[in-house]
Amino acid sequence: MSGTVFPGFLDAHVHLALIDPAGLASNGIARVLDLGGPHRAPETDTDGSGPQTAFAGQFLTTPGGYPARQGWTPAGSVCEVARATDAAAAVDRQLAAGASVIKVTLNTAAGPVLPGDVLAAIVARAHERGVPVVAHAEGAGQAGDAYAAGVGVLAHTPFDERLDDDLIAAMAGRMTWISTLDIHGWGRPTDDFARASDNLRRFHAAGGQVLYGTDLGNGPLPVGLNRRELDALLACGLSPGELLRALTRDSIGRFPGALPRTGAGLPATVIPGERPGDPGDFTRWLCTARVVPAAAAGEVGHHGSLPHQPFETEETR
């Protein structure tokens, strides 16, 4: 077999309780971050038959807040935090169950949101315990409120308002955004898609860290690499090398343990054949990727070099 071997490709926003993950490995995804659902054991699948998994545990929300009232929400997925004094115990419960990130919801479109003091207490406890906080921010001002509270990750590129340039520049200095562009129309772009793309284009240009993520479980998304998501990221200004880094990062900002690991002894993502010279064929080539066990990865002829610093090698250029 000939091809290029990369660290396991990551989808940084999935909901495993809402999908059948069996097709992920055969469609290029070796690692997932499960961003909200019932408590589950972390998985490290060393035989290549399924994804390595890190997860957030339950959604932390205010009583009656999103997604407590949504019909799609699996039982046991929500932890309601009423007071700032309840925050530490709520965070500790998720970490005791194996979570590597904490997920909060700030969605004024669907109900009440965490008061500022409660959100601040959640963030403080998570950082004290060495894990980042990921926020679903939806509704006017919610992305800014998440940033002001010290949240480090947005689960979705902000989509329902155009953020001003100064806020985006500030966010780029210490936040990570997970892309999830294709949920806005699933191939038929909406106004939310246009706003999200504009925000992400400016965030990336300002130096913000972007992770590839799809919100898998939300509507008709492919189980595996999503070419529409990949193309949308390129259209937002990511180079092919930067897109590869968005797929292969193994840390979120200053939190190295937040994502499933890559490296020796773990499954890798392999793309058959040579990388095409025509940029228009790049995402088509990416979507031929498959996950292979670590032992098999050594039998493939070429290994991609993917630095995590903002410079490019011949492989990532």
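Let me begin by describing the structure that accompanies this report. (Residues numbered from 1 in each chain as written. Predicted model: local features only at pLDDT ≥ 70, side-chain atom pairs only at ≥ 80, totals over all residues. Heavy atoms only, no water.)

Moving on, we get to the environment of Glu138. Along the chain, Glu138 falls in strand β8 (residues 133-138). Remark: the alpha-carbon pair of Glu138 and Glu161, spanning 23 residues in sequence, is separated by 8.9 Å. Residues in contact with Glu138, not counting those within four places in the same chain, are Leu106, Asn107, Thr108, Ala109, Phe159 and Asp160. (Helix = DSSP H or I, 4+ residues; strand = E, 2+ residues; numbered from the N terminus. Contact = heavy atoms within 4.5 Å.)

Axis angle and axis distance: for two packed helices, these are the angle between their axes and the distance between the axes, and together they describe the pair. Interaxial distance between helix α1 (residues 87-96) and helix α2 (residues 116-128) falls to 8 Å at its minimum, and their mutual angle equals 45°. Relative to α2, α1 is oriented oblique. Note that α1 runs across α2; the crossing there is right-handed. Between α1, through Ala87, Ala88, Val91 and Asp92, and α2, the contact on the second element is made entirely by Val118, Ala121, Ile122, Arg125 and Ala126. (Axes fitted to C-alpha atoms, helices over the stretch in contact; angles between N-to-C directions. Parallel < 35°, antiparallel > 145°, perpendicular 65-115°, else oblique. Left-handed = near helix turned anticlockwise from the far one by under 90°.)

Looking now at unusual backbone geometry. For the bond running from Tyr66 to Pro67, omega is 0°, close enough to zero to count as cis. Assignment of secondary structure puts Pro67 in the loop between β5 (59-61) and β6 (78-80). In this structure, Trp186 takes a positive phi of about 50° despite not being glycine. Among the structural elements, Trp186 can be located in the loop between β10 (176-178) and α5 (191-205). Taking relative accessible area as the criterion, Trp186 reaches 33% and is therefore assigned partly exposed. (Buried < 20%, exposed > 50% of the residue type's maximum accessible area, 1.4 Å probe, protein only.)

Now for α5. A rise of 1.5 Å per residue sets the reference length of α5, with its 15 residues, at 21 Å; its end C-alpha atoms lie 21 Å apart and thus fit the reference within 8%. Of the surrounding secondary structure, the elements contacted by the buried residues of α5 are α4 (165-174), β10, β11 (209-211), α6 (227-235) and α7 (240-248). Of the residues trailing α5, Gly207 is marked for its positive phi of about 95°. (Expected span 1.5 Å × (residues − 1).)

Right, let's get into the packing of aromatic side chains. How two aromatic rings sit relative to each other is given by the distance of their centres and the angle of their planes. Within the structure shown, the criterion is met by six aromatic pairs. With a centroid separation of 6.4 Å and 80° between ring planes, the pair formed by Phe6 and Trp285 is classed as edge-to-face. Taken together, the positions of Phe6 in strand β1 (residues 3-7) and Trp285 in helix α8 (residues 282-286) put the pair 279 residues apart, joining distant regions of the chain. Residue classification places Trp285 among the buried residues on the basis of a relative accessible area of 8%. With a centroid separation of 6.2 Å and 70° between ring planes, the pair formed by Phe59 and Trp72 is classed as edge-to-face. Of this pair, Phe59 sits in strand β5 while Trp72 sits in the loop between β5 and β6, placing them 13 residues apart in sequence. The buried category is assigned to Phe59, whose relative accessible area is 2%. According to the relative accessible area criterion, Trp72 is partly exposed, its value standing at 36%. (Phe/Tyr/Trp six-rings, centres within 6.5 Å; stacked < 30°, edge-to-face > 60°.)

Moving on: the side chain of Asp215. Relative to the helices and strands, Asp215 resides in the loop between β11 and α6. A polar side-chain atom of Asp215 sits 3.2 Å from a polar atom in the side chain of His15. Residues within four places of Asp215 in sequence aside, it is in contact with His13, His15, His156, Thr180, Ile183 and Leu221. (Polar contact = N/O pair within 3.5 Å; in protein donor to acceptor, adjacent residues only side chain to side chain.)

As a further point, take the sheet that holds β10. Strand pairing in a sheet is mediated by backbone hydrogen bonds. Such pairs are either parallel or antiparallel. In space, the seven strands of this open sheet follow the order β6-β5-β7-β8-β9-β10-β11, with parallel pairing throughout. Each having just a single partner strand, β6 and β11 make up the two edges of the open sheet. Note that strand β9 (residues 153-154) and β10 share two bridges and pair parallel. Residue Val153 lies in a different strand from β10, and its bridge partner there is Thr176. (Pairing = 2+ DSSP bridges.)

This paragraph deals with the nonpolar core. Phe9, Leu60, Ile102, Val104, Ile122, Trp177 and Leu286 are the most contacted members of the largest nonpolar core, which totals 67 residues. In terms of residue count, α2 provides more of this core than any other element does, six residues in total. Setting aside chain neighbours within four positions, we find Trp177 in contact with Leu154, Thr157, Pro158, Leu163, Ile168, Met171, Asn199, Leu200, Phe203, Gln209, Val210 and Leu211. Counting 16 residues, the second largest nonpolar core, distinct from the first, contains Ala54, Ala56, Ile178 and Phe255. (Core = buried A, V, L, I, M, F, W, Y, C linked by side-chain atoms within 4.5 Å.)

Turning next to the packing of α4 against α5. It is at 9 Å that the axes of α4 and α5 come closest, and there the two elements cross at 55°. On the basis of the axis angle, α4 is oblique to α5. Viewed along their axes, α4 and α5 form a crossing whose handedness is right-handed. For the pair α4 and α5, the contacting residues are Asp165, Ile168, Met171 and Ala172 in the first and Asn199, Arg202 and Phe203 in the second. Looking at side-chain class alone, the contact of α4 with α5 contains four nonpolar, one polar and two charged residues. (Nonpolar A, V, L, I, M, F, W, Y, C, P; charged D, E, K, R; others polar.)

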